[in-house]
Every structure is written in C-alpha cells, then in structure tokens.
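# What the coordinates show
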Amino acid sequence: MMMIWCFQTVLLFIAHLVLSDWAPAAPPTQNSFFYVHFIGMKLYVDSAEQSVLSVRGGNATLQCRFWYEPVPSSPREVRVKWSWLPAAGGQETDVIVAFGTRFRSFGDFRGRVQLRQDFPGDAALVLNKLWLNDTGRYRCTVVDGLEDQSAVVHLELQGVVFPYQHPHGRYHLSFLGAQQACKEQDSTVATITQLFQCWKEGMNWCNAGWLADGTVQYPITQSREPCGGARLAPGVRRYDRLHLYPNHYDVFCFSSLLQGRVYYLQSSHKMNLTEAQHACQEDGAEIAKVGQLYSAWKFTGLDRCDAGWLADGSVRYPITRPRSNCGPSEPGVRSFGFPPPQHKHGVYCYKLDTERV
C-alpha cells in the first residue's frame, strides 16, 4: 500500500508540472511580487546625489527616484520609506512612510518632512527647518509587494567646529557633560566628519576632546612633541575607544548658521557679568552663547577687537582680520578664559530674527 501511495503522489506531482507549463498565466494584480518577476520586470531605485550640504534652519531635498524596466503598462502602487541613521551612530529610525498620497512622519521629523512627488517615480525627501542633529545617512526604500530596493544619501551641515573647556579648566567633562556643555552653547557635539573638515581648513588643537560617537580625538596640522610626537604626520589623532562615563576630556562642539544676529553692545562703561546680562536684556536681546559667537565669526565675518562677556561666563572676541594688538596672526575667536564675574568687560548680545524662525 505504501508503494502504491508513493507512486500516485509522484504521478500527481508530474501532472502538476506539465499542466503548469501549458496553463495560461494568472492575470497580473497590483503589488504582486510574482507578477513582477514572471514578466521579467525589475524595480530600480537611485539618487542623483550621494550627499547634500545645507545649514541650520535651512531646507534640503534628498533626491530619490524609482522606475521599472521594462516600463509597466499601468502605474504600480508602491510604499516609500525614508529612514535615518544619525551621524553620531545609533539605531536607524523611520523618518516618513508614504503609500500613494497618504503618508506619516515620525519623531522629531514630524511636521518637517514631506515627499516631493513632482513626477512619476519621484520619491525625493524634502526636509524643512533643519536642526543641528539632522546630519547623517538617509535611506530611501521603495517596496513593491515583496520586492524592495533602496538608495542612500548623506546630509551634512555647513558650520564651524570649536573646542570647549569646562570653566574649571582642561579635561573636566565626561561624555554626558560634554553633550550638555555643547547644548548650552547653542551647538551639538561635533562628528568626526565635521572635525576632519575643520582640520583640512587648518584647525590645530592639542587638547583631546569628545566627539559625537564617543571617541576622543584632536586635530594637528603642525606636528610637535607634546601633541603625539614631532615625527608623526599631521592629522586627526585618536585615543583608543574609552568607556564613556569615568573619563574626562574637553569637547569639540559644532554650530551652524544662526537664526539671529550677534553684536557687541555699545556702552559708555564696562560691566561685570550680571550687569552685562541685564544690559543685553534691556536692549531686547540676550547675552550671546559661545556657539553663537563662533557662528557669527564664521558666517557673517564678525570682527571686533573688544573682549566681551558670554553666557557661560567666559570672555572672548572674534577676529577675521588679524592685526596688531588683537592677538595671534591667524583669524579666530580669542579667549580670556573664565575671569571672576565681578571683573569689568564689554558684552556680546544675541537678538533673534523673528522673520527667519
């Protein structure tokens, strides 16, 4: 009996194969993975740009388009998903998911993103009012049934990296403390890409600082003994990966274009820190933060040979045109550190441009 049952099973299987070769194909249905491959159709996804550069508060369009070869006889409904991997690392998270004209955005991107959809196959992502932390890798994935293809675009912001120390001096910041310090100065912890770009532009700093991925590095353009050795080639030096919590260093912060204006407050007299804070408030502004001063120096060419208080209690001044009696021969933001708050200085204020917000 067992042999007869096996023989019948084999006969039925062979009959199924023969009939399937001669039977007419099932009519195609929307979003049918089997239909796509049965007729030899292939889904393609591509981006015209590998990377996009913008500024804080600006907009960015990340290109993505999809098409089929051969071209289908009728439009196909697909699902488009954009996801984001932060430049600092971590988990990839959803930005927006769209099916036809319906879409949903997620997290901090809610209300700031949309698909362009200017032509068939257009899946470009439009980001509005960019934040400092929006940098990273964006993935455009197009799903047709069980088939999906994707393309990747990197978003970077134009900006400035600056080293920052705790008021108590060198190497007093834990990784969490470094994140908070940058945030308080209207900036974010810099990425290795941002630090490397500033090194190529001439940044030379011998104190090690935290970066967004939890590594500790520092940029050297002029090799010397206290900074890794005179025989070591210039570059971005890196410490071995460390535990994030027990170690303390400085930090490299990153800032971009401002949504307002930094200016030196004209006054008939110098002020202590408290008086400086009140003076900015009376002028309809607030005392400027370190990241705002660096941004004004970088983007608007702020040049002032007058030391002034900043919000963190430091005293600094920006120089774009080096000259005698104004510090070193290179452009930069000069620092007098953190003098006693009763000392008398000028002040730098920041006034928000409400029309740009």
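Predicted, not measured: the structure shown is a model, and the values here were computed from it.

### Topic: the side chain of Arg334
Along the chain, Arg334 turns up in strand β22 (residues 332–335). For Arg334, the side chain forms a polar contact with the main-chain oxygen of Cys326, separated by 3.1 Å. A distance of 2.9 Å separates the side chain of Arg334 from the backbone oxygen of Pro328, its partner in a polar contact. If near-sequence neighbours (up to four positions away) are discounted, Arg334 is found in contact with Val315, Arg316, Tyr317, Ile319, Pro322, Cys326, Gly327 and Pro328.

### Observations regarding the environment of Phe109
Within the fold, Phe109 resides in the loop between β7 (102–105) and β8 (113–115). As for Phe109 and Asn128, which are separated by 19 residues in sequence, their C-alpha atoms are 9.1 Å apart. Other than its neighbours up to four places away in sequence, Phe109 contacts Trp84, Val95, Leu127, Asp134 and Tyr138.

### A word on the packing of aromatic side chains
A full pass over the atoms with the stated rule returns 14 aromatic pairs. Ring centres of Tyr171 and Tyr249 lie 5.2 Å apart, and the angle between their planes is 65 degrees; this geometry places the pair in the edge-to-face category. Here Tyr171, found in the loop between β12 (159–164) and α3 (175–184), pairs with Tyr249, found in the loop between β16 (235–238) and β17 (250–256); they are 78 residues apart in sequence, far enough to count as distant. Note on Tyr249: relative accessible area 12%, which makes it buried. When the ring of Trp210 is compared with that of Tyr249, the centres are 5.8 Å apart and the planes differ by 80 degrees; the resulting orientation is edge-to-face. Here Trp210, found in strand β14 (residues 209–210), pairs with Tyr249, found in the loop between β16 and β17; they are 39 residues apart in sequence, far enough to count as distant. For the pair Trp210 and Tyr249, one class covers both residues: buried. Grouped by ring-pair contacts, the aromatic residues Tyr171, Phe175, Trp210, Tyr218, Tyr239 and Tyr249 constitute a single cluster.

### Some thoughts on the sheet that holds β7
Overall, mixed pairing links the six strands, which are arranged β2-β11-β10-β5-β6-β7 in an open sheet. Two strands close off the open sheet at either side, each with one partner strand: β2 (51–54) and β7. Within the sheet, the average angular offset between the axes of one strand and its neighbour, ignoring direction, is 20 degrees. In the sheet, strand β5 (residues 79–86) pairs with strand β10 (residues 136–144) via eight bridges, with the strands oriented antiparallel. Looking at the pairing, Arg79 lines up with Val143 of β10.

Parameters and conventions
Residues numbered from 1 in each chain as written. Predicted model: local features only at pLDDT ≥ 70, side-chain atom pairs only at ≥ 80, totals over all residues. Heavy atoms only, no water. Helix = DSSP H or I, 4+ residues; strand = E, 2+ residues; numbered from the N terminus. Polar contact = N/O pair within 3.5 Å; in protein donor to acceptor, adjacent residues only side chain to side chain. Contact = heavy atoms within 4.5 Å. Phe/Tyr/Trp six-rings, centres within 6.5 Å; stacked < 30°, edge-to-face > 60°. Buried < 20%, exposed > 50% of the residue type's maximum accessible area, 1.4 Å probe, protein only. Pairing = 2+ DSSP bridges. Axes fitted to C-alpha atoms, helices over the stretch in contact; angles between N-to-C directions.

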